[in-house]
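Spelled out from the first residue to the last, the chains are:
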Amino acid sequence: MTFVPEQGKTLTKEEIKKIIKQESVRFIRLQFVDINGTVKNMAVPSEQIDKVLNNECMLDGSSIKGFRSIETSDMYFYPDLSTFSLLPWRTHDNTTVARIICDIYNPDGTPFEGCPRCNLKRVIKEASDMGYVLNVGPEAEFFLFAKDEWGNPTLDTHDESGYYDVAPNDKGEGVRGKMVETLKEMGFEIEASHHEVAAGQHEIDFKYADALTTADNVVSFKYAVRAVASINDLHATFMPKPVFGINGSGMHCNISLFKDGKNAFYDENAPYQLSNAALNVIGSILQNVRSFTAVINPLVNSYKRLVPGYEAPVYLAWSLANRSALIRVPAKRGNATRVELRSPDPSCNPYLAFAVILTAALEGIKNNTTPPCQTEENIYHMTQEERLAKGIISLPGSLQEALYELKKNPLIKKALGEHIFNEFVTAKEKEWDDYRTKVTPWEIENYL
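Everything numeric here is computed off the predicted structure, so don't read it as measured data.

Caption draft 1: Quick peek at the overall build of the protein. For the protein, the helix and strand inventory stands at 12 helices and 16 strands. Relative to a compact globule of 448 residues, whose C-alpha radius of gyration would be 22 Å, the protein shows 22 Å and is just as compact. When the backbone C-alpha atoms are referred to their principal axes, the protein occupies close to 65 × 55 × 45 Å. Looking at the protein as a whole, 54% of its 448 residues are labelled buried. The contacts of the protein with a sequence gap of at least 6 include a subset with a gap of at least 24, amounting to 70%. When the accessible surface of the protein is summed, it comes to about 20,000 Å², and 49% of that surface belongs to carbon and sulfur atoms. Distance between charge centroids for the protein: 3 Å, based on 48 positive and 59 negative side chains.

Take a look at the structure:
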């Protein structure tokens, strides 16, 4: 494989056709996500590339969760040429496959309001109109589990390592290395990779980018990690809390706003060298995060991670260094000034997650929202009375509570658009209802 995409560079149609010929590409996957962030695609033979590039490929929207009813199901793929990439793990069977990420459009040539990627672009446009660009650097954690003799995932890890361990204790080091090489072949700039706190838990960090590129990267990252794990007879999961009693997997999001090419969060003359815009964003996120927690922590299982301890932040506070706070401001300044939101987990749909975070950020700037004083104490060691005295409240404790908070706040409906908002709430209320009516092993063990 000789072609490696360059992030931020948009290829021309002719360049893409040339690469397809040079690399002997046989199939092209037209990739998109549903409202849950699940990767979907339609594969077409490479001979159909002209139809693909001319936006002539159709899909049945009624077959995709949260899209269209059967009466209005015709929709079109609009490929983003900057996302063209080969899938490195497909070259092992001598079948070269490419993918291109697509927006979903209506037959009249307008963006489909239920397409998560189109919705994020709409919010990005609002930020652009105010002069801002949102950059995001995610830190997505995942577990590697062994498979049983039938190829089904188990909860057995193939290492007992801890934070930053090395081989031979870190038996995932080799697989992680293969994942890094695969991601680099897809155009990722990898900054670090290491073993995480729990046995079988890993993290691979890639360079920040604008919100749309980063959302694309998160989806591609999860896709590639799962594929490489499977080839190595392992199962990779981004489930927030697969094993009770050990750390869950988060996706801390480092965010910054740039204006006129400069970091709008940095002010060398201000306290902590944080600009008024940075403080506005911190204040607004703290003010609205309970309302958008259902979006950044969308599973019933997400709330098994969001409990005190295990380094999962649940308390609404901010700090310059205190990792028990929901928001942390890392020490670097200048163009590296950023705010780290620590509650999102990797099961979220990144297009929706970044849309609600950006909307909250812009709202803070519009309203000049002031945050509370930063918290330097370890919040985990405070009593409930001490937290309440300082005005520190908690994130929702369940998906049901998170949905209740989401439905109360019109800002979240604005961030998601009415179509996605309604479909998301309906889907998640069904998920919660399905969960609450099931009889669990815990109940059998304690009550039978």
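What follows picks up the thread again.
Caption draft 2: View of the pairing of strand β14 (residues 315–319). β14 sits mainly inside the fold: 5 of its 5 residues count as buried. Burial along β14 is two-sided: the residues Y315, A317 and S319 and L316 and W318 are all buried.

Caption draft 3: Examining the pattern of salt bridges more closely. Counted by the stated rule, this structure contains 20 salt bridges. Note that K428 is salt-bridged to E431, the shortest N-O span being 2.8 Å. One end of the pair, K428, and the other, E431, are both in helix α11 (residues 410–437), 3 residues apart, so they sit about a helical turn from each other. Members of the salt-bridge network, linked through shared partners, are D80, D103, R117, K121 and D216.

Caption draft 4: Main features of the packing of aromatic side chains. One pass over the structure, following the stated rule, counts 14 aromatic pairs. Each ring, one from F221 and one from F238, has its centre 6.0 Å from the other, and the planes form 65 degrees; the classification is edge-to-face. With a gap of 17 residues between them, F221 in helix α5 (residues 211–231) and F238 in the loop between β11 (234–237) and β12 (251–259) connect regions that are remote in the sequence. According to the relative accessible area criterion, F221 is buried, its value standing at 0%. Ring centres of W432 and Y435 lie 5.4 Å apart, and the angle between their planes is 50 degrees; this geometry places the pair in the tilted category. A residue pair is termed a helical-turn pair when its members lie 3 or 4 positions apart in one helix, as W432 and Y435 do in helix α11 at 3 residues. Residue class for W432 comes out buried when judged on its relative accessible area of 17%. The exposure class assigned to Y435 is partly exposed, which follows from its relative accessible area of 34%.

Caption draft 5: Layout of the packing of helix α6 (residues 276–296) against helix α10 (residues 399–408). Where α6 meets α10, the axes come as close as 7 Å, and the angle between the chain directions of the two elements is 120 degrees. The angle between α6 and α10 falls in the class oblique. As α6 packs across α10, the resulting crossing turns out to be left-handed. Judged by residue contacts, R290, S291, A294 and V295 of α6 engage E401, A402, L403, E405 and L406 from α10. Among the residues making up the contact of α6 with α10, the classes are represented as 5 nonpolar, 1 polar and 3 charged.

Caption draft 6: Seen up close, the nonpolar core. In terms of nonpolar packing, the biggest core is built from 97 residues, with M179, F221, I255, L257, F292, I327 and V356 touching the most fellow members. The leading source of residues in this core is helix α8 (residues 350–367), at 12 residues. Setting aside its immediate chain neighbours within four residues, F292 contacts I285, L341, V356, I357, A360 and I412. Grouped together as the second largest cluster of nonpolar side chains are 29 residues, F32, V52, I64 and I100 included.

Caption draft 7: Spatial organisation of the environment of F188. Summarising the element assignment, F188 is placed in the loop between α4 (173–185) and β8 (190–195). Looking at F188, the relative accessible area reads 6%, which means it is buried. For the pair F188 and F206, spaced 18 residues apart in sequence, the C-alpha separation works out to 6.6 Å. Setting aside chain neighbours within four positions, we find F188 in contact with Q7, L183, F206, N217, S220 and F221.

Criteria and thresholds
Residues numbered from 1 in each chain as written. Predicted model: local features only at pLDDT ≥ 70, side-chain atom pairs only at ≥ 80, totals over all residues. Heavy atoms only, no water. Helix = DSSP H or I, 4+ residues; strand = E, 2+ residues; numbered from the N terminus. Rg over C-alpha atoms; globule rule 2.2 N^0.38 Å. Buried < 20%, exposed > 50% of the residue type's maximum accessible area, 1.4 Å probe, protein only. Contact = heavy atoms within 4.5 Å. Areas by Shrake-Rupley, 256 points an atom, 1.4 Å probe, with all protein chains shown as cover. Lys, Arg positive; Asp, Glu negative; His and termini not counted. Charge placed at Lys NZ, Arg CZ, Asp CG, Glu CD. Salt bridge = Lys/Arg side-chain N within 4 Å of Asp/Glu carboxyl O. Phe/Tyr/Trp six-rings, centres within 6.5 Å; stacked < 30°, edge-to-face > 60°. Axes fitted to C-alpha atoms, helices over the stretch in contact; angles between N-to-C directions. Parallel < 35°, antiparallel > 145°, perpendicular 65-115°, else oblique. Left-handed = near helix turned anticlockwise from the far one by under 90°. Nonpolar A, V, L, I, M, F, W, Y, C, P; charged D, E, K, R; others polar. Core = buried A, V, L, I, M, F, W, Y, C linked by side-chain atoms within 4.5 Å.

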